[in-house]
Amino acid sequence: MMRAATGFLAAMLFFLVGAAAHAADPGIVGWEKGGVYDKLFDVSESDSFKGKVLEIQEIVPMPGMAPGIGLVIEDKKDKRQETVHLGPKSAVDLSVIGLKEGDMVKVVGAWAEVDGKDVILAIKIKKAEDVELKVRRTKDGFPFWSMTPEEVAHERSGQ
């Protein structure tokens, strides 16, 4: 009887530790690789444009998602205002490139429809030729916030 109880407790502990590890970062809830939002990224919809940052805003693309960082960019060519989703707030640090409203940037990403609106799911934002914030892998849109620190370092090194 004692052995069965010990086995049950061990199994429960294994389950709880596994569940806790899976939900370790509540800051990316809804942004995970393979989730509903992530599946909106389609590399065949890739595009780029240059423009001026009009607004840096907190976004929640879909109900239940952790807050994220978005930009409103005025397209340099046609003066349209485009919304750019960068990623979860806990994983996007704009101070890395010193991004602020009024800056001229190049946006690289993929068009998607989120909540009935066309938006760009960013791959990277370039502030200058050698100053960029990359948030997804270019070839397939794999989000950096779903990678291990080693994978991110490898991606950022460009190897």
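To be clear, the structure that these remarks concern was listed above.
Reading the values: the criteria
- Residues numbered from 1 in each chain as written.
- Predicted model: local features only at pLDDT ≥ 70, side-chain atom pairs only at ≥ 80, totals over all residues.
- Heavy atoms only, no water.
- Core = buried A, V, L, I, M, F, W, Y, C linked by side-chain atoms within 4.5 Å.
- Buried < 20%, exposed > 50% of the residue type's maximum accessible area, 1.4 Å probe, protein only.
- Helix = DSSP H or I, 4+ residues; strand = E, 2+ residues; numbered from the N terminus.
- Contact = heavy atoms within 4.5 Å.
- Pairing = 2+ DSSP bridges.
- Salt bridge = Lys/Arg side-chain N within 4 Å of Asp/Glu carboxyl O.

A few words on the nonpolar core. Judged by nonpolar contacts, the single largest core of 33 residues is most densely connected at W31, L71, I73, V84, L86, V107 and I125. Residue assignment for this core shows that the elements contributing at least two residues are β1 (46-59), β2 (68-75), β3 (81-88), β4 (104-114) and β5 (117-128). The residues contacting V84, other than those within four sequence positions of it, are F49, I69, G70, L71, I73, V107, I120, A122 and I125.

This part is about the pairing of β4. In the case of a regular strand, side chains alternate between the two sheet surfaces. In this structure, β1 lies alongside β4, joined through 7 bridges in antiparallel fashion. Opposite K52, over in β4, you have M104 as the bridge partner. As defined by bridge partners, β4 adjoins β5 across 9 bridges and the pair is classed as antiparallel. Counterpart to A110 in the pairing with β5 is L121. Joining the antiparallel neighbours β4 and β5 is a turn of 2 residues, in which D115 adopts a positive phi near 55°.

The full count for this structure, using the stated rule, is 10 salt bridges. For D38, the salt bridge goes to K33, with nearest N and O atoms at 3.3 Å. Judged by relative accessible area, which is 5%, D38 ranks as buried. Of the charged contacts in the structure, one is a salt bridge between E82 and R80, with a shortest N-O distance of 3.2 Å. Take E82: its relative accessible area is 7%, and that puts it in the buried class.

What follows deals with the environment of E74. As for its position among the elements, E74 is in strand β2. E74 sits in the partly exposed class, given a relative accessible area of 25%. The spatial distance from the C-alpha of E74 to the C-alpha of F49 is 9.7 Å, given a sequence separation of 25 residues. If we ignore the near neighbours within four places in the chain, the residues touching E74 are K50, G51, K52, L54, K79, R80 and Q81.

By themselves these figures say nothing about function.
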